[in-house]
Amino acid sequence: MATRNSVFTNPKPCKHLADYKLRHGLSGYKSLQKWLKTFPNGKTSIKMWEKKMPKCSFCSGIRQGRLFLCLICSSVSCSDHALLHGQSENGHDIAVDIERSELYCCSCSDQVYDLDFDKVVVARNIMDMPSKTRDSVVDDLMRRSSKRRRLNSVVDLDLKRSKFFVWMRNRREKSCYPLGLRGLNNLGSTCFMNSILQALLHAPPFRNYFLSERHDRETCRKKSSDQSCVACDTGVIFSAVYSGDRAPYSPAQFLYSWWQHSANLASYEQQDAHEFFISVLDGIHEREGKERYPNKDNGDCQCIAHRVFSGMLRSDLTCTTCGFTSTTYDPCVDISLNMDTSNFSSVDVANKSVRPNEDTGRSTLLACLDLFTRPERLGSDQKLYCQNCQEKRDSLKQMSIKRLPLVLSLHIKRFEHSSLRRTSRKIDWHLKFPFSLDMTPYLSPSIVRNRFGNRIFGFESDEADISAEFEIFAVVTHSGMLDSGHYVTYLRLQNQWYKCDDAWITEVDETIVRASQCYMIFYVQKMLYYKANEDLSCTPMPARRDPFVPIAGCC
């Protein structure tokens with residue numbers, strides 16, 4: 001254990017924040033305090049504008065994303081132009097997130113933490129409390145404190161005392177919230193990690209496996225000399241999140257284990273959420289799959305990562321000369337989909353934006369799935385060897401799904417990288433997605449039947465006992481630019497949507513979810529979704545004998 005702790009280090013303090021405090025002290029914090037407003041749900045925001053919405057001083061647009069208020073000049077910048085403001089104005093590096101009242105460094109393009117600022121926010125929270133509540137809080141603090149303090153000295157409370165106020169800041173009645181709704185602290189550009197963890201924590205069969213302690217951490221560490229284990233630390237997060245504690249949790253040990261597994265990604269820089277998802281499942285497979293089932297490939301692996309997320313894709317290559325078809329099968333833990341832009345006008349493509357209220361219906365998840373399973377003619381430079389013709393021929397390629405997983409993860413390709421132009425960009429088009437999804441049209445039997453005019457009635461992959469109906473339970477969204485965006489997860493629990501924005505958990509309407517820029521969408525088989533809703537409660541969940549609902553052919 002000593003070795004692990006010596007390797008793990010906390011992020012370095014922001015030098016720009018240190019320079020700001022050296023020049024200005026706490027004057028900026030205190031002058032901002034009067035504009036802080038605490039709402040009934042415990043969230044604190046900046047309210048300087050009574051009749052108008054704050055706008056970015058660069059693009060003059062009212063953004064749905066994050067806006068930042070400079071602590072020096074009080075100018076407002078959106079997430080796309082915060083860095084530009086810090087570069088154009090010397091010393092104007094530190095700003096405050098208007099919606100969340102959190103410090104942000106424009107030069108580092110990252111959230112920063114300062115205890116002094118937190119104390120100012122907490123003190124404002126107390127001032128906004130009803131008088132009776134405020135008096136009871138102060139009395140309780142004075143009983144706990146060895147030194148009697150007056151109300152106006154609350155800003156001097158130490159970190160241990162401030163934990164009490166963090167609870168008060170989330171004092172909204174949450175007894176009706178499903179168990180497992182717990183915020184995750186941002187450890188320095190780790191919103192990509194938090195967003196995926198929230199989805200994994202609420203994937204029903206994956207959740208039940210770890211809550212029933214099917215992965216024995218003690219046995220695991222005895223068998224291996226490697227002290228870092230992604231699966232073990234995943235179990236630790238499950239235990240913490242489903243303990244009933246509502247205070248935000250810091251997954252620092254998990255981050256360290258993931259760094260050990262993916263050394264090439266070990267940094268405090270923003271990472272891609274999809275790559276992180278694949279990497280985490282691979283880390284769990286390495287410990288669970290390779291040690292327990294060393295002779296099985298990923299397609300037949302019985303580790304929890306593949307039992308829950310693994311499906312099978314079918315690829316058919318048909319020679320355009322003789323009609324000979326060669327078929328291959330590949331296991332997958334997710335399906336990456338291109339956005340179907342064939343029906344967009346040139347103006348739409350130039351603007352890269354189609355608003356959901358226009359109801360164009362031209363960019364939908366079903367259209368993406370249709371595009372994924374549509375026959376594709378390979379180029380002349382991609383001629384493949386035909387076993388029947390005995391030479392290279394032009395061919396058609398068609399993808400289909402041979403076997404569906406318990407949890408279907410769909411990745412929307414929003415990031416384009418051109419090796420020829422050496423450029424990258426983000427696709428901001430809106431995508432409509434259903435809450436209930438029938439995957440039958442995209443299964444191999446349906447695709448092959450359609451190819452032959454529905455004349456084939458018997459099919460080797462017909463698995464009628466496997467459900468193709470899915471329900472959505474998590475949506476990971478990305479807002480902002482390619483290199484300075486922010487990830488947020490929306491969870492659907494008991495038909496109520498919740499927004500998981502790092503440490504913040506709030507209820508939202510489904511219209512907010514439908515209008516979001518989805519990046520990854522998680523569906524679970526309908527039977528498991530409704531069974532999971534029956535299991536959710538407001539008390540800690542007991543260990544389960546069998547974490548899976550038996551579905552023939554799936555487990």
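Whatever comes next refers back to the structure up there.
From a predicted model like this one, the values you see are computed outputs, not experimental measurements.

1. Remarks on the overall build of the chain
Phase 1: Secondary structure assignment for the chain yields 19 helices and 23 strands.
Phase 2: Burial analysis of the chain (555 residues in total) assigns 50% to the buried set.
Phase 3: In the chain, 67% of the contacts between residues at least 6 apart in sequence involve partners at least 24 apart.

2. Examining the sheet that holds strand β3 (residues 67-70)
Phase 1: Pairing within the open sheet is antiparallel, and its five strands lie in the order β4-β3-β5-β6-β7. Where the open sheet ends on each side, the last strands, each with one partner, are β4 (76-78) and β7 (110-111).
Phase 2: Both β3 and strand β5 (residues 94-97) contribute to a ladder of three bridges, which runs antiparallel. Within β5, the position partnered with Phe 68 by the bridge is Asp 97.

3. Quick look at the packing of helix α8 (residues 191-201) against helix α11 (residues 230-241)
Phase 1: Interhelical geometry of α8 versus α11 gives an angle of 75° and a closest axis separation of 11 Å. Regarding the angle of α8 to α11, the classification is roughly perpendicular. Side by side, α8 and α11 meet where Leu 197, Leu 200 and Leu 201 of the first sit next to Ile 237, Phe 238 and Val 241 of the second.
Phase 2: Residue composition of the contact of α8 with α11, grouped by class: six nonpolar, no polar and no charged.

4. Points about unusual backbone geometry
Phase 1: With a phi close to 55°, Ser 189 is a non-glycine residue in the positive phi region.
Phase 2: Note on placement: Ser 189 falls in the loop between α7 (159-169) and α8.

5. Quick look at the side chain of His 486
Phase 1: Its location among the elements puts His 486 in strand β20 (residues 486-493).
Phase 2: Among the residues examined, His 486 registers a relative accessible area of 7% and is labelled buried.
Phase 3: Engagement of the side chain of His 486 in a polar contact is seen with the side chain of Asp 501, the distance being 2.7 Å.
Phase 4: Ignoring sequence-local partners within four residues, the contact set of His 486 consists of Arg 66, Arg 100, Cys 191, Thr 477, His 478, Ser 479, Asp 501 and Asp 502.

What counts and what doesn't
Residues numbered from 1 in each chain as written. Predicted model: local features only at pLDDT ≥ 70, side-chain atom pairs only at ≥ 80, totals over all residues. Heavy atoms only, no water. Helix = DSSP H or I, 4+ residues; strand = E, 2+ residues; numbered from the N terminus. Buried < 20%, exposed > 50% of the residue type's maximum accessible area, 1.4 Å probe, protein only. Contact = heavy atoms within 4.5 Å. Pairing = 2+ DSSP bridges. Axes fitted to C-alpha atoms, helices over the stretch in contact; angles between N-to-C directions. Parallel < 35°, antiparallel > 145°, perpendicular 65-115°, else oblique. Nonpolar A, V, L, I, M, F, W, Y, C, P; charged D, E, K, R; others polar. Polar contact = N/O pair within 3.5 Å; in protein donor to acceptor, adjacent residues only side chain to side chain.

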